[in-house]
Amino acid sequence: MSASGGGRAIIAAFLANMGIAVAKFIGYLISGSSSMLAESVHSVADSGNQLLLLLGGRRAKRAADKEHPFGYGRERYVYAFVVSIILFSVGGLFSIYEGIEKLAHPHPLNMPWLPVVILLVAIGLESFSLRTAVKESNLVRESGQSWVSFVRRAKAPELPVVLLEDVGALVGLMFALAGVSLTWITGNGVFDAIGTLFIGTLLIVIAIILGMETSSLLVGEGATEREHDAIVRAIQGTPDAPRLIHMKTLYLGPDEMLVAAKLGFAGDKQLAEVAAEIDLIEARVRAAVPTARVLYFEPDIYRPGRQPLQTDAIVLKSSD
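Note that the structure is a prediction, hence the values are computed from the model and not measured.

Taking strand neighbours across the sheet as the criterion, the three strands line up as β1-β2-β3 in an open arrangement whose pairing is mixed. Each edge of the sheet is formed by a strand with only one pairing partner; in this case those strands are β1 (243-253) and β3 (292-301). Each strand axis lies, on average, 15° off the axis of its neighbour in the sheet, ignoring direction. Across nine bridges, β1 lies against strand β2 (residues 256-265) in antiparallel orientation. Following the sheet pairing, L250 is matched in β2 by L258. Lying over the sheet, helix α8 (residues 225-235) contacts β1, β2 and β3, oriented at roughly 135° with respect to β1. On top of the sheet, helix α9 (residues 271-288) reaches β2 and β3; it is set at about 145° to β3, its chief contact.

Okay, structure coming up:
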């Protein structure tokens, strides 16, 4: 999946989070609400997330060199992993600590109407940010693909991270609004503390989900089932095409896939004929799957009855 459009969603989320963070922190200083403090930390963490995603995207564009002959595309996965684990977890653990502290020492809020107003405005801004992320995601999301599948299968980490951030932010704001409102109505600060605990738990859950998905990308994922089938059709798309003995794929970055395959040709083929046919196959594969940019095809002599290696068959399906 191309990451095109992800930059707009990241910038929209960053601008929204920075404004929201300032407003929430002012609300905390005036009201003393622990939910507002937790939400302030949440928004600051989200703002840092967006900066890291932008930095990772910029560093990933560096040209390949001797030390990294396949380029730096996976830097985007590294920075997404940092986002998912460190910033989310730090925000979550801090919120839980603050919630436990206020649960042990609850107190009424000063000017409780102020955090309610700030939270309502923040919900509106976060909704706009989420709308932008959804709009940009729809440009690259496959037709009929569910949002859960999109987050799990996306090769570019930026949009899934921003989507989960914005969804988590909206849910967290609902928790904070409920806690502050109940504290305002009842005068009991325990509800504010409970809202803070819910926010911290939410952040840690999101961190675990993103950590699992980005760690899979870091380890190395291959083509999706749809991409795999398209590559096979491109290789074997003509009546006199060579036999596909086995094939392995690997994403070197969100926009670059490596395809390595052994192709079986008839024993009486001339070297020039084999080379010309491989060139045509490469062109068909790149046309069918634009992310398949690094291609290595090993010619072999086709022997009737030869079956694909079992280990290769497993690899072909492991990415989906």
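What follows covers the packing of helix α2 (residues 34-59) against helix α7 (residues 190-219). Taken N-terminus to C-terminus, the directions of α2 and α7 make an angle of 20°; their axes are 7 Å apart at the nearest point. With respect to their mutual orientation, α2 and α7 come out roughly parallel. In this structure, α2 contributes S34, S35, A38, E39 and H42 to the contact, and α7 contributes D192, A193, G195, T196, I199 and L203. Here the residues of the contact of α2 with α7 are counted per class, giving four nonpolar, five polar and two charged.

Turning to empty space enclosed by the protein, a few remarks are in order. By the definition in use, this model includes two cavities of 30 Å³ or more. Looking at the largest cavity, the residues that line it are V151, A154, P157, P160, V161, L210, E213, T214 and L217. Looking at the lining of the largest cavity, the elements with two or more residues in it are α6 (158-186) and α7. Top element by residues in the lining of the largest cavity is α7. It accounts for four residues. When grouped by side-chain class, the residues that make up the lining of the largest cavity number seven nonpolar, one polar and one charged. Estimated volume of the second largest cavity: approximately 40 Å³. Considering the residues around the second largest cavity, the lining is formed by G32, S34, K102, P106, H107, L109, G189 and D192. In terms of residue class, the lining of the second largest cavity is built from two nonpolar, four polar and two charged.

Next up on the list: α7. With 30 residues, α7 extends 44 Å between its outermost C-alpha atoms, agreeing within 8% with the 44 Å of an ideal straight helix rising 1.5 Å per residue. Remark: G220 follows α7 within two positions and exhibits a positive phi of approximately 125°.

With that settled, the discussion passes to the packing of aromatic side chains. Counted under the stated rule, the structure contains three aromatic pairs. Consider the rings of W147 and F150, whose centres lie 5.8 Å apart with planes at 90°: the pair is edge-to-face. Taken as a pair, W147 and F150 lie in helix α5 (residues 147-153) at a separation of three residues, close to a single helical turn. When its relative accessible area of 34% is taken as the criterion, W147 is described as partly exposed. Over the face of the ring belonging to Y72 we find R62, whose NZ or CZ atom lies 3.9 Å from the ring centre. Positioned above the aromatic ring of W147 is the side chain of R141, whose terminal nitrogen or guanidinium carbon lies 3.9 Å from the ring centre.

This part is about the pairing of β3. Every regular strand shows the same layout, with side chains that alternate between the two sheet faces. Relative to β3, β2 runs parallel, the two sharing nine bridges. Across the sheet, A260 pairs through a bridge with Y296, a residue of β3. Remark: the β2/α9/β3 crossover connection has right-handed handedness.

Our next topic: the nonpolar core. Among the nonpolar cores identified, the biggest contains 38 residues, and L53, F88, L119 and V162 are the most heavily contacted of them. Mapped by element, the contributors of at least two residues to this core are α1 (6-31), α2, α3 (75-104), α4 (113-138), α5, α6 and α7. It is α6 that provides the largest number of residues to this core, a total of 10 residues. L119 has contacts with M36, L173, A176, L177 and V180, leaving out every residue within four places of it along the chain.

Further remarks concern the pattern of salt bridges. The final tally for this structure, using the stated rule, is eight salt bridges. Residue E75 is joined to R62 by a salt bridge in which the shortest nitrogen-to-oxygen separation is 2.2 Å. A residue pair is termed long-range when its members are at least 10 positions apart, and E75 in helix α3 and R62 in the loop between α2 and α3 qualify at 13 residues. Relative accessible area serves as the criterion here: at 34%, R62 is assigned to the partly exposed category. For K262, the salt bridge is made with D300, and the minimal N-O distance between the two is 3.9 Å. Highlighted residues: K262 in strand β2 and D300 in strand β3, separated in sequence by 38 residues.

Mapped onto the elements, S40 comes out in helix α2. Reaching out from S40, the side chain makes a polar contact with the backbone nitrogen of F25 at a distance of 3.1 Å. Once you skip the residues sitting within four places of it in the chain, S40 turns out to touch A21, K24 and F25.

Cut-offs used in this document
- Residues numbered from 1 in each chain as written.
- Predicted model: local features only at pLDDT ≥ 70, side-chain atom pairs only at ≥ 80, totals over all residues.
- Heavy atoms only, no water.
- Pairing = 2+ DSSP bridges.
- Helix = DSSP H or I, 4+ residues; strand = E, 2+ residues; numbered from the N terminus.
- Axes fitted to C-alpha atoms, helices over the stretch in contact; angles between N-to-C directions.
- Contact = heavy atoms within 4.5 Å.
- Parallel < 35°, antiparallel > 145°, perpendicular 65-115°, else oblique.
- Nonpolar A, V, L, I, M, F, W, Y, C, P; charged D, E, K, R; others polar.
- 1 Å grid on protein atoms, 1.4 Å probe; cavity = no way out; pocket = protein on both sides within 12 Å on 5 of 7 lines; lining within 4 Å.
- Points joined across faces, edges and corners; volume = space filled by probe spheres on them.
- Expected span 1.5 Å × (residues − 1).
- Phe/Tyr/Trp six-rings, centres within 6.5 Å; stacked < 30°, edge-to-face > 60°.
- Buried < 20%, exposed > 50% of the residue type's maximum accessible area, 1.4 Å probe, protein only.
- Lys NZ or Arg CZ within 6 Å of the ring centre and 35° of its normal.
- Right-handed = clockwise from strand over helix to strand, strands pointing away.
- Core = buried A, V, L, I, M, F, W, Y, C linked by side-chain atoms within 4.5 Å.
- Salt bridge = Lys/Arg side-chain N within 4 Å of Asp/Glu carboxyl O.
- Polar contact = N/O pair within 3.5 Å; in protein donor to acceptor, adjacent residues only side chain to side chain.

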